[in-house]
Amino acid sequence: MTGSFRVQLVNMGTRGAAFQAKLRCLHEYHVRLLSNQIPTPSGSDIANTIKYFSQTLLTVLKDVPCSPLEMIKDPSLDQSRMSSYPNLEYQNLYNALTMLLDVASSIQNGLNLFGKALLQCLGCILPFLDKDLIDNLPYLAASSISVLPPSLHQDIINYLCYYILPFTITRQSDDDQECHACQSVSAVIMLVFQYSNNPAHHCQLLESLMRLKHNVVKDLLCVIAYGTSASRASAAKLLFYYWPAFDPNLFDRKGLLCKFTNNLIPFVCQRESCPNAGNAEAVKVCYNHCISILYAVDSPPPLYLCIECANEIHRDHPDLSFGDILHPMQQVSMICENKNCRSSDKSAVSICFSSECASYNGNHPIRYCSQCHGNRHNSRRGIDHIVHRSLPPMMMMDAEMQTYMVEAVISLLREAKPLNLDFGRDSSSDSKGSAGNGTQDTLTLEDRQLLGRYGIWLLVGRCKPTADTPIEILGRLLSMLFHWFHITAYSYDGQAESTLEKLKLEHVCGWLKDVCDSHYKDFIDCLLPHPPEYSRVGGHWDTLASRTSHLKEGLQRLICLIPYEIINQQIWDTVMPHWMEAVTNDVPEKELPELKIVLSKILDPDMSPLGFDAKAMYNFVTIRFEKTTAKVQQQALHWLQNLTKLEILIPLTQLFAMFGDGVRIMKHGMQAEFHTDKIGKGSGSKIARDKELQPPRRSSISPVVEDDSGNTSAISDDEAPISRHTEFSTDAEHNLTCCILMLDILLKQMELQDIEQHSGIYTTVCDGVCRLLKCMVTAAKVGLGNHICSSKECGYCEASVMWHQLSTKLVQYLAPLDAVRPPDAPLPEIIDDEKPSRKSPPESEKESKTRDRDVSLSMAPLPIPLGPLGPVPVAVPQPEPHSVGGVLVHMPHVCSVCIFDFHFPYFY
């Protein structure tokens, strides 16, 4: 054993023991800071210990013959690289630095010194780390920005851009896939964008990444989709700032973008004896680790030099090669920057960060038009260039990037909030850790408006619907867009409102109409009160709210879409039955008044923003009385009853028309009514007679079945949805229920619309009432059937009594107070239900009765008292019933009277 080798062994043993001793000091510092032991170590004490490791690592690296910076880019050479170093506890040092960074917030003084020493040591330890730790190093360095003071933010960015990222994210995995360090780029971007308020730092980091990595736009979309509000805002701005416009006609890029790099601090020469130290910008880089340590003792390799220092070193070492440093973009051009461009369309479509192409632009990244891009990057040249093109359409992206794109649009649209909302509340958790650094998430209203516009541009420009677009993606985008319409309707005024309205009318409405044309069913599903699970995004779906609140906010969304003609007659008739049924089933009676204002805005003829008249507005109700079953009618009547409870006026002419159609169809029960149109003059033929006698077809309309959404996490009610089950099963019983609801709604609507009482029988309203009552008696045969009570408490009899009481109230409401002449005595005979016709009274009596329109009611075998309006039906005394108009809450129990003879002489 030679003497020199013996000395080396002794030195290695001494170095290893000192290394371990210093590591124990770092662990002791960590324990004292973690447990807050007195005296706590200062930042300068910890920094001095860390500097020992930096010098030791540089000393070890200087003795390595091979180039570790070249070997580190190839993972297959990791074993050879690690075997060239002495056996020191590099991994334990890395772990100790990580633990100290976790407790850095407990350092009371000297935090700046600690931060500088930590960053320097992270740069020095990089060549000594194995694969897993190299992949974690970019995130560890970026996370230091959350605890180190703002004065060190520029140093953190410099170490990331010049010493860590160029040797970590450029590594390729064994299967030619991106390494794990590349997958942490989005996290690095988010940390820097969140904790640094300087846009120059954001630009410097992003340009460095664009120089080193393909498809950086994917990482930006990830930050926009899942990042904090502050990081999302910066990422969205830089996305539209750097990447070529995907649709120049969609927005005015000149007026939108500003220059971000005004206060960019250049990276200066790192040579210790530089004649222009601190002022000369670095333009060359030397990757020889021995030369780097020789001319910059305290800096990790590589060595960044100004042009003067590079020439001087090259004279001393002529065999050295230097690389060029890519300068920052001075200006983001919208046209081709090739001086020899001959294309007619000079719009920039790509940007190249390779040294070869940048040399044509003064070592700045260069933008190319479509023709120049094809000339510079094809199968023969430029294959290895790092080129960033404009954002592709969503359906051309891979599955992961497509997900980021959709969530990015949703997140940007979600940033829009109304004026009366506390913005800080939503972002309190995001900025909690940054409170000490002064990076509170305080986005202004203008910033939020701009973020919403970014989302709209991405949606309209890159998310155009196609036949292959998954309905889950389309549903999420539609739901969030409807929420944005709702929010922007109340958030802005003045110039901002004008800009938004122009954006809606020129671009968004056209996109929605395209979706409606290509995916009509999915479009309708997103407008329903209980949309599919994947469409429950934004607004009230992001909160834990009651069923009533969900319906109220959903109706508000619907209102905000109406002025833009997105809701046409067909869509209106399709979605409104679901909303009315949801109100009927989900809203408790005591909470129904909360929907009065929003329903009045939609359905009140004087307040509604709908572009069609009252007849078209209530068409979705009208069609449910035309050739439909009693169950369909009963469901629609419950809707009208709720509207009447909320004092929403419905034109009486429409009510008479609806109810008349509904009552006439009751003649055939489940069958539709006979054709009433004349067959023609040749109707005497056999075919015509067969058609006239043939029962008509049944309507295809069925009762609306609305999802109760009881299993969704966004609904907080413990109570189950309201059920509307009835004990009736036969057609006659359902028909009678419908008739009762019709009269009750009609009576209350007359009161709401201030119809004059006791106006006589010669008014339009009275004529409609009389026709309706006549139809109910003749077509539905109310009170004239051969009913036999099946139990002591007969529900059908109770319903019959209620119908008679409501009929009496209607007649009393319209009939004059003083009769012209006393009414005739009641007829002695009882009307036979099975007789096809009734015996007409004498002509003179018929004329008199037709003139007076008096109502004669009889109820055998009880005596019939006469009142000022004529005979009054007598029934067992019962409590006054109640309903919308005071009738339908408690039904009186009348079991001794089963059959009522009802006489309206002027009906026949």
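Naming follows an unreviewed UniProt entry, where the chain appears as Protein unc-79 homolog of Aedes albopictus.

Draft legend 1. Broad picture of the nonpolar core. Trp572, Leu603, Leu640 and Phe659 are the most contacted members of the largest nonpolar core, which totals 237 residues. A per-element tally of this core places helix 34 (residues 731-752) first, with eleven residues. If we ignore the near neighbours within four places in the chain, the residues touching phenylalanine 659 are Phe625, Leu637, Leu640, Met742, Ile745, Leu746 and Leu772. Listed in part, the 14 residues of the second largest apolar core include Cys274, Tyr295, Leu305 and Ala310.

Draft legend 2. Summary view of the packing of helix 34 against helix 36 (residues 795-814). Their axes nearest at 10 Å, the elements helix 34 and helix 36 cross at an angle of 30°. It follows from the interaxial angle that helix 34 and helix 36 lie roughly parallel. The hand of the helix 34/helix 36 crossing is left-handed. Across the interface between the two elements, Ala732, Glu733, Leu736, Cys739, Ile740, Leu743, Asp744, Leu746, Leu747, Met750 and Glu751 of helix 34 pack against Tyr796, Ala799, Ser800, Met802, Trp803, Leu806, Ser807, Lys809, Leu810, Tyr813 and Leu814 of helix 36. Residues that form the contact of helix 34 with helix 36 fall into these classes: 16 nonpolar, two polar and four charged.

Draft legend 3. Representation of empty space enclosed by the protein in the model. Overall, the coordinates contain four cavities of 30 Å³ or more when judged by the stated rule. There is about 110 Å³ of room inside the largest cavity. Lining the largest cavity are 13 residues, with Cys526, Leu528, Gly554, Arg557 and Trp579 sitting closest to its centre. Elements that contribute at least two residues to the lining of the largest cavity include exactly helix 23 (471-491), helix 25 (520-527) and helix 26 (547-561). Per-element accounting of the lining of the largest cavity gives the leading share, three residues, to helix 26. Among the residues making up the lining of the largest cavity, the classes are represented as nine nonpolar, three polar and one charged.

Draft legend 4. Molecular detail of the sheet that holds strand 6 (residues 387-389). Read across the open sheet, the three strands follow the order 5-4-6; overall the sheet is antiparallel. Taken across any chain shown, the strands that pair with only one partner, and hence form the sheet edges, are strand 5 (366-368) and strand 6. The mean angle between the axes of side-by-side strands here comes to 25°, regardless of whether they run parallel or antiparallel.

Draft legend 5. Quick look at the environment of asparagine 112. Along the chain, asparagine 112 falls in helix 6 (residues 111-125). Note: C-alpha distance between asparagine 112 and leucine 152 (40 residues apart in sequence) is 7.1 Å. Each residue touching asparagine 112, except ones within four places of it in the same chain, is listed here: Pro149, Ser151 and Leu152. A distance of 3.3 Å separates a polar atom in the side chain of asparagine 112 from a polar atom in the side chain of serine 151.

Draft legend 6. Focus on helix 35 (residues 764-778). Between the first and last C-alpha of helix 35 there are 21 Å, a value that for 15 residues agrees with the 21 Å anticipated at 1.5 Å per step. Where helix 35 is concerned, the buried positions are Val765, Cys766, Gly768, Val769, Cys770, Leu772, Leu773, Cys775, Met776 and Val777. Where helix 35 is buried, its residues meet helix 32 (652-665), helix 34 and helix 36.

Rules used throughout
Residues numbered from 1 in each chain as written. Predicted model: local features only at pLDDT ≥ 70, side-chain atom pairs only at ≥ 80, totals over all residues. Heavy atoms only, no water. Core = buried A, V, L, I, M, F, W, Y, C linked by side-chain atoms within 4.5 Å. Buried < 20%, exposed > 50% of the residue type's maximum accessible area, 1.4 Å probe, protein only. Helix = DSSP H or I, 4+ residues; strand = E, 2+ residues; numbered from the N terminus. Contact = heavy atoms within 4.5 Å. Axes fitted to C-alpha atoms, helices over the stretch in contact; angles between N-to-C directions. Parallel < 35°, antiparallel > 145°, perpendicular 65-115°, else oblique. Left-handed = near helix turned anticlockwise from the far one by under 90°. Nonpolar A, V, L, I, M, F, W, Y, C, P; charged D, E, K, R; others polar. 1 Å grid on protein atoms, 1.4 Å probe; cavity = no way out; pocket = protein on both sides within 12 Å on 5 of 7 lines; lining within 4 Å. Points joined across faces, edges and corners; volume = space filled by probe spheres on them. Pairing = 2+ DSSP bridges. Polar contact = N/O pair within 3.5 Å; in protein donor to acceptor, adjacent residues only side chain to side chain. Expected span 1.5 Å × (residues − 1).

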